[in-house]
Every structure is written in C-alpha cells, then in structure tokens.
Amino acid sequence: MASDTKSRESWNEQEESSSRGIARSNPLKLSRVFRFNDPKTGAPQISAFPDADTVGPPTGDTPLEVRMKHFTEIENFTFIGFVLAHELAGTSAKPISAIKNLTVPDTEFQNLVDTAKKERLTNEQLGDTLLDVGINWEHFVASNNTIMTAADPLKITDTAMQAKIDSLDQITEALVAEINLRSIRQRSRDSGRRGSS
C-alpha cells in the first residue's frame, strides 16, 4: 500500500506543477486524466496520460482493481480527446504531425502508423481515428486480465500481445498530442484574427 500512496502523491505533485493555476474540470479525481485550458493561450487541452513508469499505476486494493482503473483512464483519455477534436471542427484536412517520427513495437500497428503518416485528416476525422485506436487500446487491456503479471498488473505475460497494447498506447497518446497542438494553433489563429479586427 505504501507504493500506492507514493505513486498517488507523485502524480499529484506532477499534476500541480504541470497545471499550476489551471482549473481542472474533474474535481473528484477518480481518473488521473483531465481537460484544462493552456495557461498561455487559453486553448483547451487534454492532460498527458499518466505514465506508469514515471508516476506509477493507479491506486487499488488488488491488482485487478489497479488494472480496471487503468483501462478506465484509457477510455476517459480517449473520449475527452475525441470530444475536443469534434469541438475544434473545421473542414481543413492536415497531416498528423505528432506521428511523423513515431515507431511502435508491433509490426501490424507500425504499418498503420506508416499509412497514417501519408494521410491528411480534418479535426473531426482525427477525433474519430483517436476513438477507434483508443477504444482498441482499452479493449486489448481489458480482454487480457487473466494473464496480467503478478509484479505489474498493467503488464501481461503474452509479450506479443503486450507489444500490441504498447503500440496502441503510443498511437493514442500521439493522436491526443496532435489534437492538443491543433487546439493551440486554432486558438492562436482565432486570437490573431480578433486582434487585427
């Protein structure tokens, strides 16, 4: 239990330092992912996904509870990113710059990344793509509870399947980073237009 408390404290410290002065829209903190406004531009943003290697896994009384909270955070992260992308709207299709240098451990998903590098997507198409990838990530995690490792409930014993999970994780985080970037760029453009009128 001490490690759970320590990971929660380190996440809270990171959250406070990275979002000082930013009002969270999720005061209950059931999930460690949230939406906020960028302090410099005011643009809506999605928090970084809590990396188990740096901030620790979610807290829980059992390994299964920790794993369930993890895939709930995946779903929350995906959905709030999807919502933001649709709020940005627009009809201009752009490349997905956040995946330009992305390499993932699974060959099947690397092929999808390589294909996506050639695509141009509107904000809404980007949100739909995020929803597809993120829900796959969540389902790959949730469908493998019976083979989670004893030492780390966020990992499974099937290394090939774990590579697929890790790949979907990396792609989802890159797509959310792209949505955040587009949100900041759009806010900057909108501010420039208001300033020049």
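Note that the coordinates shown come from a computational prediction; the quantities given were computed from them, not determined experimentally.

1. A look at the overall build of the protein
Alright, step 1. The helix and strand inventory of the protein stands at six helices and four strands.
Alright, step 2. If you list the helices and strands of the protein from N to C, you get α-β-β-α-α-β-α-β-α-α.
Alright, step 3. Buried positions account for 40% of the 197 residues belonging to the protein.
Alright, step 4. The contacts of the protein with a sequence gap of at least 6 include a subset with a gap of at least 24, amounting to 71%.

2. Re the confidence of the model for the protein
Alright, step 1. Summing up the model confidence of the protein, the mean pLDDT is 86 and the portion of residues at 70 or higher is 83%.
Alright, step 2. Element-level pLDDT for the protein is lowest in helix α1 (residues 2-18), with a mean of 44, against a maximum mean of 98 in strand β4 (residues 120-121).
Alright, step 3. For the stretch residues 1-21, pLDDT sits under 50, and the model shows 25 contacts to residues farther than four places along the chain or on other chains.

3. Remarks on the pattern of salt bridges
Alright, step 1. Evaluated as defined, the whole model comprises eight salt bridges.
Alright, step 2. Taking the shortest distance from any N to any O, the salt bridge between Lys164 and Glu108 comes out at 2.8 Å. Linking Lys164 in helix α6 (residues 159-196) with Glu108 in helix α4 (residues 107-116), this pair joins segments that are 56 residues apart in sequence.
Alright, step 3. Under the relative-accessibility criterion, Glu108 is labelled partly exposed at 43%.
Alright, step 4. Through salt bridges with shared partners, one network takes in Asp106, Glu108 and Lys164.

4. Brief notes about the packing of helix α3 (residues 63-88) against helix α5 (residues 123-142)
Alright, step 1. One can describe the packing of α3 onto α5 by two numbers: an axis separation of 8 Å at closest approach and a directional angle of 175 degrees. The angle between α3 and α5 falls in the class roughly antiparallel. Here Arg67, His70, Phe71, Ile74, Glu75, Phe77, Thr78, Gly81, Phe82, Ala85, His86 and Leu88 of α3 come into contact with α5, specifically with Asn123, Glu124, Gly127, Asp128, Leu130, Leu131, Gly134, Ile135, Trp137, Glu138, Val141 and Ala142.
Alright, step 2. Across the contact of α3 with α5, the residue classes tally to twelve nonpolar, seven polar and five charged.

5. Describing the packing of aromatic side chains
Alright, step 1. Scanning the entire structure with this criterion turns up five aromatic pairs.
Alright, step 2. An aromatic cluster is built from Phe49, Phe77 and Trp137, whose rings are joined through pairwise contacts.

Basis of the calculations
- Residues numbered from 1 in each chain as written.
- Predicted model: local features only at pLDDT ≥ 70, side-chain atom pairs only at ≥ 80, totals over all residues.
- Heavy atoms only, no water.
- Helix = DSSP H or I, 4+ residues; strand = E, 2+ residues; numbered from the N terminus.
- Buried < 20%, exposed > 50% of the residue type's maximum accessible area, 1.4 Å probe, protein only.
- Contact = heavy atoms within 4.5 Å.
- pLDDT = per-residue confidence, 0-100.
- Salt bridge = Lys/Arg side-chain N within 4 Å of Asp/Glu carboxyl O.
- Axes fitted to C-alpha atoms, helices over the stretch in contact; angles between N-to-C directions.
- Parallel < 35°, antiparallel > 145°, perpendicular 65-115°, else oblique.
- Nonpolar A, V, L, I, M, F, W, Y, C, P; charged D, E, K, R; others polar.
- Phe/Tyr/Trp six-rings, centres within 6.5 Å; stacked < 30°, edge-to-face > 60°.

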